[in-house]
Each structure stands twice: as C-alpha cells, then as structure tokens.
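These are the residues of each chain, in order.
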Amino acid sequence: MRLIWILGDQLIPDHPLLKTADRHTAVGMIESSPRGSHLRYHQQKLTLLYAAMRHHAAALKKSGQRVLYRRLTDGARSDGYGEVLKRWIQENKITEIHLLDPNEYDTAQSLPALSKKLGVPIHCHRSPQFLVPRDDFAAWAKGKKHLLMEAHYRRLRTEKNILMTPKGQPEGGDWNLDDQNRRTYREFAKERPKIPPLPPLEKDSVVQEVAAEVAKLFPDHPGKAAGLWVPATREGALAWLKHFIRTRLGQFGPWEDTMVEGEAVLFHSVISPFLNLGLITPQECLQAAEKAYREGKAPLNSVEGFIRQVLGWREFIHGLYWLKMPEYKKVNFLGAERPLPRWAYDGKTDMRCVSQAVTGAVDRAYNHHIQRLMVLGNYFLLGGYEPLAVLRWYTEMYFDAYDWVMVPNVLGMILFADGGWFATKPYAAGAAYQEKMGNHCASCRFDPKQKEGPEACPFHSLYWNFYGQHATKFRSNPRIGMMVAMWEKKSAADKTRIRAEAEKFLKAQA
Ligand SMILES: Cc1cc2nc3c(=O)[nH]c(=O)nc-3n(C[C@H](O)[C@H](O)[C@H](O)COP(=O)(O)OP(=O)(O)OC[C@H]3O[C@@H](n4cnc5c(N)ncnc54)[C@H](O)[C@@H]3O)c2cc1C
Ligand code: SF4
C-alpha cells in the first residue's frame, strides 16, 4: 500500500499525486496535537486549519479516495506525526509515503529522520502551490547582490503575461501605480467611501465542532475559537474571493494603506488564510482580478495594486524564504534583544494605534498589512525587540501565519534583522505617519504633535533614538543617511534627553 500524505497547509485542488492514486493507495491526513501546541497559535487559526482539513478529507472520500484521518481527539494527545504514521503503516501494510514538498523548512528537514524511524521511504514531489518553483527563484537570484521585489514582479508579469498589452508592455503604460494609491486618512474622511459588508457566513457544523475541541484542548492560546469569521471550505473561499472582486477590489488600491478605527478589513481581500492553506490558488486570484479590469469592473490602479501583492510580494517572500533558510532564523543585524512588552497579548497600552492593532489580532487573528507593518512592526523595530520573540508573536497571532511567510516579513521587512537582503532601508516611521494614514491619534492619550514630555507621542523619541543607536549602520545608506545626519546635528543635550525619554518609555512597557 502507498500512502499519499496531505499536510494541513496543502489542501490544494487538483493535487498532482492524487492523479496517480489507485486501489493500492490511501490518502492520509493528521491533526497533530503536539504540532498545534508547538507555539500558542491563535485559536481561530487552529480552528480554521482543522476544519478545513476535515472538509477536505470529506470531499476526498466523496470523490472515491480511501482516506485515513486522524483527529485531534483520537488516541493519545501526545501522538505526533510519527506515532500516527507508524500505526497506519502497521495496520495498512504501507510500504512507501509520498507527499508534496513541505512549505516549512523544519518539516522538510525532519523527513529523512522520520523515514528512518518508520522504516519506509518518504518521497517528496514538486508542489504547484506557488507560481514560482524554489529552484527557479534561486536561478533568478543567483549572482544578484541585492534582491528587489520590483524586478522579480516585472519578470513574472512579463513571463506569465499578466496585465500586459499584446505588445508586451504593462497595461496602462506603467508598472507601478502607487502614486494613485496609498491615500491618506484625511482624504478618506473627506470622501467617505462606502465600505461593503463582508459576505455572510453560513453555519458550519464542522467549524462548530472543531471550535469546541480547540477551545478545550488549547485553552491558553490567544483568541476565541468560536469567533472564526471566515469560511473553511474551498467553495466558501471561492465565494469569498468572488465577493471581494465584486464589492471591494475597485477601492482596494486607493485605501490599501489607510487605517480606520473600527474597520479591520476596509477594502482588503482577507484571502491570505485560504491561499496559505491551499483552498484557493494564486492563479484563481490573479485571473479574477485581471478579468474584472478587462471587463471594466475595477480600475487599473486597484487591480495592479492587488496583483502586485499576490504575484509580486507573495511569490517573492516565498522564494526568499527557501533561498535563505536556515540562515534566516539566525539574523540579528541590529543586535536587538529586548523581550516582548507585557501587553503583547492583551493590547493594554496607552498607545492607541498599537492597542487597537493588538486587540484586533486577539479578536480576529487578523490585521491588515499596514497595522502589521507600520504600527506593530514599526514599534518592535524602533523599540529594539528581539527578532525571534517578535517572530514568535506574529506566528502565534495571525490565522494566515506560516513559517515561509512570517520569517522574511518579520525578520526582513519589519525588523531589518537581515541587514537588507531585500529591503533597502528599515520601515521606520514617527508619529507623523500614523497621524497621516489613520485616525487613532484623535482618541489617544498621547499627542502626536508634541515632541517631548509626558503627553508626547512615544514614537517621537523612539524614532530618533533608533537613528542615534544605529547611526554607524545607516550613515551611508542613500535612503536614510539624511535622517542620521539630522540626528547628528542635534545638540548633545537634546540627544541625551531623547535617549532618556525613549529608554524610560521602553522600560515602562516591560
Ligand atoms: C510583519 C508582517 C507579517 C505578515 N504575516 C503574514 C502572514 O503570516 N501570512 C500572510 O499570508 N501574510 C503575511 N503578511 C503579509 C500581509 O500583511 C498579509 O498577507 C495580508 O495583510 C493579509 O491580508 P489580506 O488577505 O486582506 O491582504 P491584501 O491586502 O488583500 O493582499 C492580498 C494578498 O497579497 C498577499 N500579500 C501581500 N503582501 C504580502 C507579503 N508581504 N507577504 C506575503 N504575501 C503578501 C497575501 O496573500 C494577501 O492575501 C505579513 C506582513 C508583515 C509586514
Ligand atoms: S499619538 Fe502616537 S501612540 Fe497615540 S495613536 Fe497617535 S501615533 Fe499612536
């Protein structure tokens, strides 16, 4: 008997190994309690994962596959993949195991030892889950000193003929339409674009069953399992995508960087949890967006902005992870070593922008990109928080978090811990950015306009203190060398005061 092992984040339609399944083949799926407890993953993440797996297994059974399925509640709680596979091998006379290349480095690395322990060969096969295979990305990256997302994105647009004219030019003449996007909160308040409601969620007894189990088995994990607010089936995910394309894509571009209190999603798609589990494919998202543009249902700036995220950023981040692991997890270019602030899991801080992002993550296992990058990421960067502790926090809190996507985003994009493998500068920002792009400052106990004193927004001192601390590293950076020069022009007394204020604030967060 041959076993096709489907990992929980590989629930892809048209699984290539299933095409070869015959009566000597079984499909295996395992809900592993030790894996689910590896970190304190958000309860909604675990609920979505296991519910999606159970739905997927049911669909496979319906299509005639012989499915071996291990639930969280079956057998001993301590049983991991190895114990379950061992039992299946004995009971079903399994002689070989096949699976798609795992998306996580550690899982891939563990397979030779697992095979040895089980006494059967484990064969990995190329996965179609991403548009760019790992070796293709590595070939593109070879010899390049600096890897730029923009260059990779343009190559993919051309090679895959996405949003291109028949003459091979970018649709509309420009590759990048950011100047029409990224509009400010002030513009948002003036125009008041209508934010469409999310699609209604159908009652799902599988989700309810899993949520009850997760709440019981992982009680100390953040969030409430029963609050899961996205569907857990391929059909539900496709309907969600369709709804986004019809109701929100048109406004995605202009407001993609805006933050509005009480509006967790705005015009974002919330397709990352589905894409990362394999429930929908990047091709489906790209085709649907391009079609909306070709049919005149969405403007080019929004469609290009969305395609840039899915084709550009997502594929680039994935390629980078596989290019740079395992070194990626050892980086700490800025020597950051502060442990997480005490409010990391409840958001009880006076910084309104930060507390709204943390409580949003606890409630929904989701923040949109700017809250992740420019609010929380900015805080962790400026405050000098320890890279692996920050990585752990992000991995625990979001329902779309998987190692391949978190490692470059957290260690590279927000913390600059890799020293700039792909970012040309750290995304450091002061209070002015938060005030321009969001409306949190209006109800904050701090004042973004005050630069010093107990009422001053902490981002002021944190921002300048950051440049002071890392002046040698950034002095010759063409994009931010100017900020270092500005820091250096400050008087010794000003510098001492700023440093003391930043340090006092950070100490109080411990
Ligand atoms: C610190 C940090 C942590 C992040 N963690 C995750 C994560 O765990 N999982 C995850 O899927 N994305 C992550 N991202 C990327 C991005 O923030 C999320 O994909 C996005 O917010 C998900 O919401 P959405 O589907 O509404 O996205 P939209 O804004 O609607 O964007 C569409 C899609 O583009 C893709 N995308 C956009 N930016 C990125 C990016 N930087 N990396 C990879 N894909 C991208 C995602 O698939 C996303 O669903 C992270 C970004 C940062 C800065
Ligand atoms: S004043 Fe500062 S801490 Fe408060 S919301 Fe604005 S940026 Fe955030």
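Small disclaimer: the values here were computed from a predicted structure and weren't measured.

Chemist: Report on empty space enclosed by the protein, specifying residues and quantitative values.
Modeler: The tally for this structure, following the rule as stated, stands at one cavity of 30 Å³ or more. Considering only enclosed or pocket space, the largest cavity measures out at about 90 Å³ in volume. Together, 13 residues line the largest cavity, and Cys353, Cys441, Cys444, Phe446 and Cys457 are the ones closest to its centre. Secondary-structure elements contributing two or more residues to the lining of the largest cavity are α14 (352-364) and α19 (458-469). Split into classes, the residues belonging to the lining of the largest cavity amount to nine nonpolar, two polar and two charged.

Chemist: Describe helix α17 (residues 403-414), naming the residues involved and giving the relevant values.
Modeler: In this model, α17 (12 residues) spans 15 Å end to end at C-alpha, consistent with the 16 Å of a helix rising 1.5 Å per residue. Buried residues in α17 make contact with α11 (272-277), α13 (300-324), α15 (369-382) and α16 (387-397). Looking one or two places after α17, you find Phe416, whose phi comes out positive at around 55°.

Chemist: Give me the site of ligand 1: which residues, what numbers.
Modeler: Neighbouring residues of ligand 1: 29 residues in total, closest His268, Ser269, Val270, Tyr366 and His369. Within the backbone of Ile271, an N or O atom sits 3.0 Å from an oxygen atom of ligand 1. One nitrogen or oxygen atom from the side chain of Arg372 is found 3.3 Å from a nitrogen atom belonging to ligand 1. Starting from 810 Å² of accessible surface for ligand 1 in isolation, the protein chains cover 99%. If you list the elements that add at least two residues to the shell around ligand 1, you get α11, α13, α15 and α17. Inspection of the shell around ligand 1 shows a minimum of three residues originating in each of domain 2 (134-196 + 248-324) and domain 3 (352-508).

Chemist: Tell me about the site of ligand 2, and please be specific about residues and values.
Modeler: Looking at ligand 2, the residues that line it are Met351, Arg352, Cys353, Gln434, His440, Cys441, Cys444, Phe446, Pro448, Cys457 and Phe459. Here ligand 2 is seated within the largest cavity. Of the residues in the shell around ligand 2, the class split is eight nonpolar, two polar and one charged.

Chemist: Requested: an account of the packing of α16 against α17, with residues and values cited.
Modeler: For the pair α16 and α17, interaxial distance at closest approach is 10 Å and the crossing angle is 135°. The orientation of α16 with respect to α17, classified from their angle, is oblique. Of the two elements, α16 crosses α17, and the hand of that crossing is right-handed. Contact with α16, carried on its side by Pro387, Val390, Leu391, Tyr394 and Thr395, involves Met406, Val407, Val410, Leu411 and Ile414 of α17 and no other residues of that element. When the residues that make up the contact of α16 with α17 are grouped by side-chain class, the tally is nine nonpolar, one polar and no charged.

Chemist: Please give an account of the domain arrangement of the protein chain that cites residues and values.
Modeler: Split into domains, the protein chain comes out as domain 1 (2-125), domain 2 (134-196 + 248-324) and domain 3 (352-508). The interface is formed by 15 residues belonging to domain 1 together with nine residues belonging to domain 2. Between domain 1 and domain 2 lies a buried interface of about 910 Å² when both sides are counted; carbon and sulfur atoms form 64% of it. Between the two partners, domain 1 and domain 2, sit zero salt bridges. Run the count over domain 1 and domain 2 and you get three residue pairs in polar contact (both at pLDDT 80 or more). Breaking the side of domain 1 that touches domain 2 down by element, the ones donating at least two residues are α2 (43-62) and α4 (105-118). Per-element accounting of the side of domain 1 that touches domain 2 gives the leading share, three residues, to α2. Split into classes, the residues belonging to the side of domain 1 that touches domain 2 amount to nine nonpolar, three polar and three charged.

Reading the values: the criteria
Residues numbered from 1 in each chain as written. Chains lettered and ligands numbered in written order. Predicted model: local features only at pLDDT ≥ 70, side-chain atom pairs only at ≥ 80, totals over all residues. Heavy atoms only, no water. 1 Å grid on protein atoms, 1.4 Å probe; cavity = no way out; pocket = protein on both sides within 12 Å on 5 of 7 lines; lining within 4 Å. Points joined across faces, edges and corners; volume = space filled by probe spheres on them. Helix = DSSP H or I, 4+ residues; strand = E, 2+ residues; numbered from the N terminus. Nonpolar A, V, L, I, M, F, W, Y, C, P; charged D, E, K, R; others polar. Expected span 1.5 Å × (residues − 1). Contact = heavy atoms within 4.5 Å. Near = heavy atom within 4 Å. Polar contact = N/O pair within 3.5 Å; in protein donor to acceptor, adjacent residues only side chain to side chain. Areas by Shrake-Rupley, 256 points an atom, 1.4 Å probe, with all protein chains shown as cover. Domains from an automatic or database assignment. Sits in = over half its atoms within 2 Å of the grid points. Axes fitted to C-alpha atoms, helices over the stretch in contact; angles between N-to-C directions. Parallel < 35°, antiparallel > 145°, perpendicular 65-115°, else oblique. Left-handed = near helix turned anticlockwise from the far one by under 90°. Buried area = accessible area lost by both parts, 1.4 Å probe. Salt bridge = Lys/Arg side-chain N within 4 Å of Asp/Glu carboxyl O.

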